[in-house]
Amino acid sequence: MSRFGYVAPKSVADTIHLLHDCETRGERAQILAGGTDVIVQMRTFDREPRTLVDVKYIEELNRVSIEDNETYIGAAIPSGVLNENQKLKSLYPGLLESADLIGSTQIQGRASIGGNLCNSSPAGDTIPALIANAAKCLIAGTHGTRNVPVEDFVTGVGTNCMTRTEFLLGLILPRPRPRTQDAYLRFIPRTEMDIAVVGAGVSLTLDHDRVCTHARVGIGAVAPTPLLVTKAAEALIGTQCDETSLQAAADACRAAASPITDKRGTVVYRRKVVGVLCYRAGVIARDRILNGQN
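Residues numbered from 1 in each chain as written. Predicted model: local features only at pLDDT ≥ 70, side-chain atom pairs only at ≥ 80, totals over all residues. Heavy atoms only, no water.

Asks: Is there a simple way to explain the sheet that holds strand β1 (residues 4-7) in this structure?
Replies: In sheet architecture, strand pairing relies on hydrogen bonds along the backbone and comes in two forms, parallel and antiparallel. Reading across the sheet, the three strands line up as β1-β3-β2 and stay open at both edges, with parallel pairing between neighbours. The open sheet has two edge strands with one neighbour each: β1 and β2 (29-32). Taken pair by pair, the neighbouring strands of this sheet meet at an average axis angle of 25°, ignoring direction. With four bridges joining them, β1 and strand β3 (residues 50-54) adopt parallel strand pairing. Across the sheet, the residue bridging to F4 is R50, located in β3. (Pairing = 2+ DSSP bridges. Helix = DSSP H or I, 4+ residues; strand = E, 2+ residues; numbered from the N terminus. Axes fitted to C-alpha atoms, helices over the stretch in contact; angles between N-to-C directions.)

Asks: Please clarify how the sheet that holds strand β4 (residues 64-66) should be interpreted in this entry.
Replies: The antiparallel open sheet is built from five strands, whose spatial order is β4-β5-β10-β6-β7. Sheet topology places β4 and β7 (144-149) at the edges, where each strand pairs with a single neighbour. For this sheet, the mean inter-axis angle between neighbouring strands, taken without regard to orientation, is 25°. As judged from the five bridges shared by strand β5 (residues 70-74) and strand β10 (residues 166-174), these two strands associate in the antiparallel manner. Paired with E70 across the two strands is P174, which belongs to β10. Sitting on the sheet, helix α1 (residues 12-24) touches β6 (136-141) and β10, and the angle it makes with β10 is about 135°. (Contact = heavy atoms within 4.5 Å.)

Asks: Even after reading the chapter, I still don't get the nonpolar core, so can you show me in this structure?
Replies: In globular proteins that are soluble, nonpolar side chains generally tend to be buried together. Membership of the largest hydrophobic core comes to 44 residues, with the highest contact counts inside it found for L95, L117, V150 and F167. At six residues, the largest contribution of residues to this core is made by β10. F167 has contacts with V12, T15, I16, L19, I31, V55, L61, L138, I139, A140 and M162, leaving out every residue within four places of it along the chain. Judged by nonpolar contacts, the second largest core, of 29 residues, contains V198, L206, A252 and V273. (Core = buried A, V, L, I, M, F, W, Y, C linked by side-chain atoms within 4.5 Å. Buried < 20%, exposed > 50% of the residue type's maximum accessible area, 1.4 Å probe, protein only.)

Asks: Can you help me understand the pairing of β3 in this one?
Replies: Look at any regular strand and the pattern is simple: side chains alternate between the two faces of the sheet. Burial analysis of β3 places five of its five residues in the buried class, which makes it a mostly covered element. Bridge count for β2 against β3 is four bridges, and the pairing is parallel. Paired with I31 across the bridge in β3 is V53. Once the chain exits β2 it traverses helix α2 (residues 38-43) before rejoining the sheet at β3, and the crossover so formed is right-handed. (Right-handed = clockwise from strand over helix to strand, strands pointing away.)

Asks: How should I be thinking about the packing of aromatic side chains in this particular structure?
Replies: Taken as a whole and assessed by the stated rule, the structure comprises one aromatic pair. Between F187 and Y269 the ring centres are 5.9 Å apart and the planes differ by 75°, which places this aromatic pair in the edge-to-face class. With a gap of 82 residues between them, F187 in strand β11 (residues 180-187) and Y269 in helix α12 (residues 267-290) connect regions that are remote in the sequence. Judged by relative accessible area, Y269 falls into the partly exposed class, the value being 35%. Here K10 stacks its cationic end above the ring of Y57, 5.6 Å away from the centre of that ring. (Phe/Tyr/Trp six-rings, centres within 6.5 Å; stacked < 30°, edge-to-face > 60°. Lys NZ or Arg CZ within 6 Å of the ring centre and 35° of its normal.)

Asks: What exactly am I supposed to notice about the side chain of E166 here?
Replies: Turning to its location among the elements, E166 is positioned in strand β10. In terms of polar contacts, E166 uses its side chain to reach the side chain of R146, at 2.8 Å. Among the polar contacts made by the side chain of E166, one reaches the main-chain amide nitrogen of T163 at a distance of 3.0 Å. Contacts of E166, omitting those with residues within four sequence positions, involve L19, I139, A140, G141, R146 and C161. (Polar contact = N/O pair within 3.5 Å; in protein donor to acceptor, adjacent residues only side chain to side chain.)

Asks: Looking at this structure, how should I read the environment of A252?
Replies: Counting through the fold element by element, A252 comes out in helix α11 (residues 243-256). As a C-alpha pair, A252 and T230 span 22 residues in sequence and 8.6 Å in three-dimensional space.

Remember, this is a structural readout, not a statement about activity or role.
Take a look at the structure:
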């Protein structure tokens, strides 16, 4: 029988000590926040012995702080809780919409944005939305804390930049500039509870002449890692985000994509759809600004 352990530290320092202790002994430790992916993995393809480190009881991972310059979202806060925060929904509607797409209502009672990121799937719904919002990962470990841009966090399918003695505390998002809005869209074969075939997040800032002064575009499920598409943003800045510039951004997303063909979609299909979703998400973000949602 495989050997499994379970610990529930109450502080960041205790968690770091546990991770370091497991690493020193040559044992595997795995962070448990929501657990919606961990439990499934343990019951299917990943049955290796480990110590589960339950971080749901640590204050820093369960805190939301909305300040003048930035917002902090703890890594273990369930999506269902975040979606009840009206201030967050007004500041980052696209990000909260992406979190609302993860699983059923029951799943959202446990699943978190931090967990979705740490699962490090190229198709993670919240990751392109976080990229669009210029989020940074606050990571704690034996050498202190460090910030990593979300677009640099995932390093491959199921892998990320954290060492075995580090874990994600939370996410830091800059407070949106005036007249800024975001949007996230995904395509799935079914109407709900499916993995994204393609995803796209867009954040736009328009001045009072309706000219775009800042933009960020993130795409997912079309490369080994979610991508920040700077050329898509460049196609939008300096324009009124009209059909021509939005189509140029869509073309930039298609060019940046390097998808695979599998049973859920072909390379050609995914490239086409990522452009469509970038275009449509851009329209939604633009219209949210023009309709006075910010």
